[in-house]
Amino acid sequence: MISLQRLTKRFGGQTAVDALTLEIPGGQIVGFLGPNGAGKTTTLRMLTGMLEPTEGTATICGFDLRTDPVEVKRRVGFVPDSGAVFESLTGLEYLEMVAALYAIPADAARTRIRQFLAFFDLSFETLTDKLLGAYSKGMRRKVVITAALLHNPPVVFFDEPLDGLDANAAVGFKALIQTLAQEGKAIVYSSHVLDVVERVCDRVILVDKGRLLVDGRPDALVAAHGAGTLEKLFIQLTGASGLEQRAQDFARTFRP
Amino acid sequence: MNAPPKLDGSDTPPPASGRVPTQARVLRKLFLTLFLRGRTSRGLQRSGAPGSIGRKLFLTLLIYALFGCFGATFAGRPVFALSLYLHAITLMFLGMFVAASAGEVLFNREEGDILLHRPVHPRTLLWAKVGVLVEVSLWLAVALNLATFVVGCFAPDGGWRFLPVHAVSVALEALFCAGSVVLAYQLCLRWFGRERLEGLMTTAQVLLAVVAVAGGQVVPQLLMRQGRHVHLTSDHLWMAALPPAWFAGLDDALAGSAARSSWALAAMAFVATGGVAWLAFGRLSNQYGAGLMALAEAKAPRTPKGGRRWLHSLVEIPPLSWWLRKPVERASFLLTAAYLLRDRDMKLRLYPALAPMVIMPVIFLMRDAGGGTGAFGVAFAGSYLALLPLLSLELIEYSQHWQASDLFRAAPVSGPAPFCNGSRRAVLLLLTVPAILVATLITGVLTRDPARLVLLIPGILALPVYAMIPCVRGRAVPLCRPTEEAKSARRALTPIVVMLLAGVLSGLAAWAWSGGWLASFLAVELLLVVLTYGLLRSIAARARWSPME
């Protein structure tokens, strides 16, 4: 469903994504991990047609990103980490606008929106009475997730989707992506919340400095590296050692 | 939390069946709504936002319509002369509007995360945005020309046909104006590459707006001076170099004298507009998608190390270190200076708005050089320059990053005064002093009587008082309000009232100069300025934060 062949992105002289090669079939939840600046968001932005790759190819559902970007976008849902929305629209105006861009008829869009409202425990009035600028961060995130799934895409990219969601919503969201995967969709889930990734994802891809470090089932990777948990594996592979000591040293020196 | 919605094929909405508006229509509606409501409106209820912005737009249109009434002074002139004036003014206002709005509408960085991953062709996106720019330009143009539609009908060589013909020429002019700005952007992208796109767009936009303002102010002056010697007709060859003359030619050809030269100018209007539209909206529109991607991948521009050192070193050495000895004022000074020099949005709003403040004194001085305004012109030039910090401070309040100003309220400072003071000092040092030096130089060159330079002093002497006015209500806190509020026509009230007072002061100064008692006048003014400044400063120091909405 998703195929990357030596996908590369350079910004000037800096390589953000370095010859990434991957295959992701439908029905799989893939945790896409890496430290800050590892190239995760850049990769997702290339796969959603927001950035042009410098080298390499990528196809989604058989459509090439370079030659058929619009067809790729039709089959992709994306929840960006920024959670950006048009703040001066109401939630309903925003979602109806998004639905119309995917040529979903208004009545079908309303039905789908109501389904998501029920799922997220939001009232229809909230969606019609308030501008998105007045929403809490969590509510806004729910709208962004709804907007990404309204057109029922076969491929969904989530970039830090839990940011701002409360515990209940986060639990519900995990159930949602498992349901989506059972329906055969390919889910790419980028997050720094490693315990959630460990519990939800079938497969973990760890990148650093734009390069692929490891790719496999979370339990298998943890066992193969003798790390105990995914968090320890992450620290072990990305070279961030002695963090506790560094924190203690900092606290000692940081006294006004 | 309920069970997750089933998204399998069974309840998938049928694609493109039933009545589905086209993407172009959806996007045009979206961008028009965003233009009217603004892009950010945190904390507003739906009922409040559109209505209030609608009122603001109505006020803006009303002000344009009132300003357009000046065209009535051209009553009795032939169609070509009247149309030339109307199209020059319209082009100036539209140029300012389109240049100021185009950056936010065409290349909005935040929009990328919302729209770039949707299945929309870049050309559809561009056309929807241009459609909105042209539509709003038309509203403004019609408001500006409302009164003169009637004046044209009663021109010596005019008639009822002026009404529809002028409507067409104004529409064509709006298209030409929007197309020119979009074309300038596309060419920047094509010639100078992606990396430099944002910086170049800012520069291009500021220059376009400044040229529009300067052209709109200076060209009518030149025309009026020319008009004393020659009739404004389409026969002059140099008319072909003036875009407003092309559209005036169209009016004159179809609803005026129908001179052969007017037909030639009218043809130029069609060719130029068609060419610009074809290039901007057709031929180069494929570059638009690349431009949006460039914005998405563009990193924050690097600050030149030398420039940064220069700014920070400046405040470390006397006399600036004495002037900015309080840390909060110094931080506010540096923040304001950084935004004045680096921030794209700030540059786009501030410099085009300030251009008339620097150009108008030159106009007064040109009139003086022509023997038109006498001492009052020079005195009013000084007063105009003195208004520069007031207008700047009113504009520096607005920023796309206004939410970050919550930091000021969280800081252990009792009120907004230190932030206002830092910002005010940045404006005085970085904008006002250079502007006064340049204007004084121009005055020295243009004025016939160098002794008249002394008449600049009364206006400039009042500058510290004008600059304190925004601080009194604690309104001069830098970057603390969303940019949408800057569209409010009410915002212009304070500068207008202060400008009237400055006019009175200039009149008194000119009277004192002609009466030979200017020195006494200056002494009294200085005393009043010191007292008023002290009073305003103490009021400003007591100002408290306005409640957060």
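Cut-off values and rules
Residues numbered from 1 in each chain as written. Chains lettered and ligands numbered in written order. Predicted model: local features only at pLDDT ≥ 70, side-chain atom pairs only at ≥ 80, totals over all residues. Heavy atoms only, no water. Helix = DSSP H or I, 4+ residues; strand = E, 2+ residues; numbered from the N terminus. Buried < 20%, exposed > 50% of the residue type's maximum accessible area, 1.4 Å probe, protein only. Contact = heavy atoms within 4.5 Å. Areas by Shrake-Rupley, 256 points an atom, 1.4 Å probe, with all protein chains shown as cover. Phe/Tyr/Trp six-rings, centres within 6.5 Å; stacked < 30°, edge-to-face > 60°. Lys NZ or Arg CZ within 6 Å of the ring centre and 35° of its normal. Expected span 1.5 Å × (residues − 1). Polar contact = N/O pair within 3.5 Å; in protein donor to acceptor, adjacent residues only side chain to side chain. Pairing = 2+ DSSP bridges. Core = buried A, V, L, I, M, F, W, Y, C linked by side-chain atoms within 4.5 Å. Axes fitted to C-alpha atoms, helices over the stretch in contact; angles between N-to-C directions. pLDDT = per-residue confidence, 0-100.

Engineer: Hey, could you run me through the overall build of chain A in this one?
Structural biologist: For chain A, the helix and strand inventory stands at 11 helices and 10 strands. The buried share of chain A, reckoned over its 256 residues, is 56%. Partitioning the intrachain contacts of chain A with sequence separation of at least 6 by distance along the chain shows that 65% fall at a separation of at least 24. Accessible area for chain A stands at about 10200 Å²; split by element, carbon and sulfur atoms hold 51% of it.

Engineer: When you look at the packing of aromatic side chains in this model, what are you seeing that I'm missing?
Structural biologist: All names here are of chain A. Counting across every chain of the model gives 13 aromatic pairs over all chains. Through pairs of rings, three or more aromatic residues link up here, namely Phe158, Phe173 and Tyr189. Between Arg114 and the ring centre of Phe124, over which it is positioned, the NZ or CZ distance is 4.0 Å.

Engineer: Explain helix α7 (residues 167-182) of chain A here, please?
Structural biologist: What sets the pattern is the α-helix's 3.6 residues per turn: residues three or four places apart point alike. Residue and element names in this part refer to chain A. Taking 1.5 Å as the rise per residue, α7 with 16 residues should run 22 Å; its terminal C-alpha atoms sit 23 Å apart, in good agreement. Where α7 is buried, its residues contact β3 (29-33), α4 (106-120), α6 (137-149), β7 (155-159), β8 (186-190) and α8 (194-200). Structurally, the start of α7 carries an N-cap: the backbone nitrogen of Asn168 is 3.2 Å from a side-chain oxygen of Asp166. Following α7 by one or two positions, Gly184 has its phi on the positive side, about 100°.

Engineer: What exactly am I supposed to notice about the sheet that holds strand β2 (residues 14-24) of chain A here?
Structural biologist: Consider a sheet: its strands pair through backbone hydrogen bonds, and that pairing is either parallel or antiparallel. All names here are of chain A. Pairing is antiparallel across the open sheet formed by 4 strands, whose spatial order is β2-β1-β4-β5. Looking at which strands have only one partner, the edges of the open sheet turn out to be β2 and β5 (63-64). Where strand β1 (residues 2-11) meets strand β4 (residues 55-60), 5 bridges bridge the pair, whose relative direction is antiparallel. Each bridged residue has a counterpart across the sheet, and for Thr8 the counterpart in β4 is Glu55.

Engineer: Just checking my understanding: could you explain the nonpolar core for this structure?
Structural biologist: Nonpolar side chains in soluble globular proteins tend to end up buried together. Tyr94 and Phe157 of chain A are the most contacted members of the largest nonpolar core, which has 171 residues in total. Counting residues in hydrophobic clusters, the runner-up holds 60 residues, among them Met357, Met360, Met468 and Leu536 of chain B.

Engineer: In this structure, what is going on with the pairing of β2 of chain A? I would like to understand it.
Structural biologist: In summary, the side chains of a regular strand alternate between the two faces of the sheet. Residue and element names in this part refer to chain A. Where β1 meets β2, 7 bridges bridge the pair, whose relative direction is antiparallel. Each residue of the ladder has a partner; that of Phe11, found in β2, is Gln14. Connecting the antiparallel pair β1 and β2 is a turn made up of 2 residues, with Gly12 showing a positive phi of about 60°.

Engineer: I'm lost on the side chain of Thr273 of chain B in this one. Help?
Structural biologist: Residues and elements named next belong to chain B. Residue placement: Thr273 occurs in helix α9 (residues 260-283). The exposure class of Thr273 is buried, given its relative accessible area of 3%. With sequence-adjacent residues up to four places away left out, Thr273 is seen in contact with Leu172, Leu175, Phe176 and Phe247.

Engineer: How should I be thinking about the environment of Phe32 of chain A in this particular structure?
Structural biologist: All names here are of chain A. When you line up the elements, Phe32 lands in strand β3. Note on Phe32: relative accessible area 2%, which makes it buried. Each C-alpha atom, one on Phe32 and one on Phe157, is 9.8 Å from the other, the two residues being 125 residues apart in sequence. Contacts of Phe32, omitting those with residues within four sequence positions, involve Leu20, Lys40, Thr43, Leu44, Val188, Tyr189, Ser190, Ser191, Ile205 and Val207.

Engineer: Teacher, can you tell me more about the side chain of Glu173 of chain B here?
Structural biologist: Residue and element names in this part refer to chain B. Checked against the element boundaries, Glu173 lands in helix α6 (residues 162-192). Glu173 sits in the buried class, given a relative accessible area of 0%. Of the polar contacts made by the side chain of Glu173, one reaches the side chain of His87; its length is 2.7 Å. Ignoring any residue separated from it by four or fewer positions in sequence, one finds Glu173 in contact with His87, Thr90, Leu91 and Phe247.

Engineer: Explain the sheet that holds strand β10 (residues 211-216) of chain A here, please?
Structural biologist: Residue and element names in this part refer to chain A. Taken in spatial order, the 6 strands line up as β6-β7-β8-β3-β9-β10 in an open sheet, and their pairing is mixed. Every other strand in the sheet has two partners, leaving β6 (76-79) and β10 as the edge strands with one partner each. Taken pair by pair, the neighbouring strands of this sheet meet at an average axis angle of 15°, ignoring direction. One ladder, built from 4 bridges, connects β3 with strand β9 (residues 203-208); its direction is parallel. Residue Leu33 lies in a different strand from β9, and its bridge partner there is Leu206. Strand contacts of helix α1 (residues 40-47): β3, β6, β7, β8 and β9, with the helix running at about 150° to β7, the strand carrying the most contacts. Of the strands in this sheet, β9 and β10 touch helix α9 (residues 218-225), which is tilted by about 105° from β10.

Engineer: For this particular structure, what's the right way to read the confidence of the model for chain B?
Structural biologist: Should the pLDDT be low somewhere, the predicted coordinates at that spot are not to be read in detail. All names here are of chain B. Summing up the model confidence of chain B, the mean pLDDT is 78 and the portion of residues at 70 or higher is 78%. Within chain B, helix α22 (residues 518-542) carries the highest mean pLDDT (93), whereas helix α7 (residues 197-227) carries the lowest (64). Confidence drops under a pLDDT of 50 for residues 9-14, and excluding neighbours within four residues, the segment shows 14 contacts in the predicted structure. Here residues 42-46 is modelled with pLDDT under 50, and outside its nearest four sequence neighbours on either side it reaches 20 contacts, counting other chains as well.

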